[in-house]
Structures are given as C-alpha cells and as structure tokens.
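As a plain string of letters, each chain reads:
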Amino acid sequence: MTMKREITVTVNGQQHQSEVEPRMLLVHYLRETLDLTGTHIGCDTSQCGACTVLLDGQSVKACTVLAVQADGSEVTTIEGLAPEGSLHPIQEGFCTPGMIMASYNLLKNNPNPTEAEIRKGLEGNICRCTGYQNIVRAVQSAAEQMRISVTEPVGAGE
C-alpha cells in the first residue's frame, strides 16, 4: 500500500491541492492530474527538454522533478504564457513547448541576448525538426517583439 502525500502547487497562477504518489513525476502530475498536456514527454531519459517548465522562475525538466518536490512552488507551463488565447511572441516563432519555455526563461533574464547566449540558454533542448539556426532567429525576433511590448504570463510573479 502506497501512502499518498498532499501537495499544494500554484500552476499558471491557479492554486491546486492534490494527493499524489510520492514517486509521481511533475510532468505526469501536470498532464494526468491537472490535464495540462502542453508539457510533453519526449524521450524518457531527460535529454530532450520537451517537458521544460518554469519552477519558481527557473527552467527545469519536469521529468526530473517529483511532484512532491514542487509542493509550495509556482509552476508555469506552456499554457500559462498566453492565457487569454493569444500567442506569446515566442510561441509565434516555433512550436516545441520545452524550447519555448527555455526561451522564455532566457529572455526574461536577458532581454537582448547574443546568438551565443541564445544557444547557451537553449542547451538541453533537442530540436527534432528544423535545426537550431531558425530557432535562434525566432528567439531573436521574439526578443525584439518583447522589448516593444512586455507580455508577462499568469503566475510568473518575481
């Protein structure tokens, strides 16, 4: 018999209380318990970055964090970047949720990164479809758009 633990997590600005198995991963909690399926499970080895979310403002791979470790924390998922239904400038450039979340975290901390800084900020996220040059260009474009109009996701309080 497995004992469940009660956790309280604020996800995209909304507080959730849940009972979870102690070994449940954050990615499964988000997808299965909260039905936030934008966070993807990509490789099952923590190499691809498809499950990247922000945990207390820092990029983390949700497949490497237990849900109980997020107790009392704030999580921002891809769904939290543009809650009113419009796309965040980063989402306009490309589609991989993990890459978008890593890019958002990079631009939040460095609104005008160099190409080298963008490449460093995206380390740990594998691109499977386009190659990195177009992603770097998309991040540069999003950075420019974000400098023009500040777009802050729900629950991203700093």
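This text gives an overview of the structure that appears in the document. (Residues numbered from 1 in each chain as written. Predicted model: local features only at pLDDT ≥ 70, side-chain atom pairs only at ≥ 80, totals over all residues. Heavy atoms only, no water.)

Quick look at helix α2 (residues 97-109)
The α-helix advances 3.6 residues per turn, and as a result positions three or four apart in sequence lie on the same side. For clarity, the threshold we go by: Helix and strand assignments come from DSSP, with helices taken as H or I runs of at least 4 residues and strands as E runs of at least 2, each series counted from the N terminus. One less than the number of residues in a helix, times 1.5 Å, gives the span that helix is expected to have. To sort residues, take the accessible area from a 1.4 Å probe on protein chains only and compare it with the maximum for the residue type: under 20% means buried, over 50% means exposed, and anything in between is partly exposed. Here, residues are in contact when the closest pair of their heavy atoms is within 4.5 Å.
Compared with the 18 Å implied by 1.5 Å per residue over 13 residues, the 19 Å span of α2 between its first and last C-alpha is a close match. All of the buried residues in α2 are P97, G98, M99, I100, M101, A102, S103, Y104, N105, L106 and L107. The secondary structure elements touched by the buried residues of α2 are β3 (52-55), β4 (58-61), β5 (74-76), α3 (115-121) and α4 (132-148).

Observations concerning the pairing of β3
We count it as follows: For two strands to count as paired, DSSP must find a minimum of two bridges between them.
The side-chain alternation of β3 yields two buried faces, one formed by T52 and L54 and the other by V53 and L55. In the sheet, β3 pairs with β4 via 4 bridges, with the strands oriented antiparallel. Within β4, the position partnered with L55 by the bridge is Q58. Two successive antiparallel strands, β3 and β4, enclose a turn made up of 2 residues, where D56 displays a positive phi of approximately 50°. Of the pairings in the sheet, the one linking β3 to β5 comprises 2 bridges and is antiparallel in character. Note on β5: the bridge partner recorded for L55 is V75.

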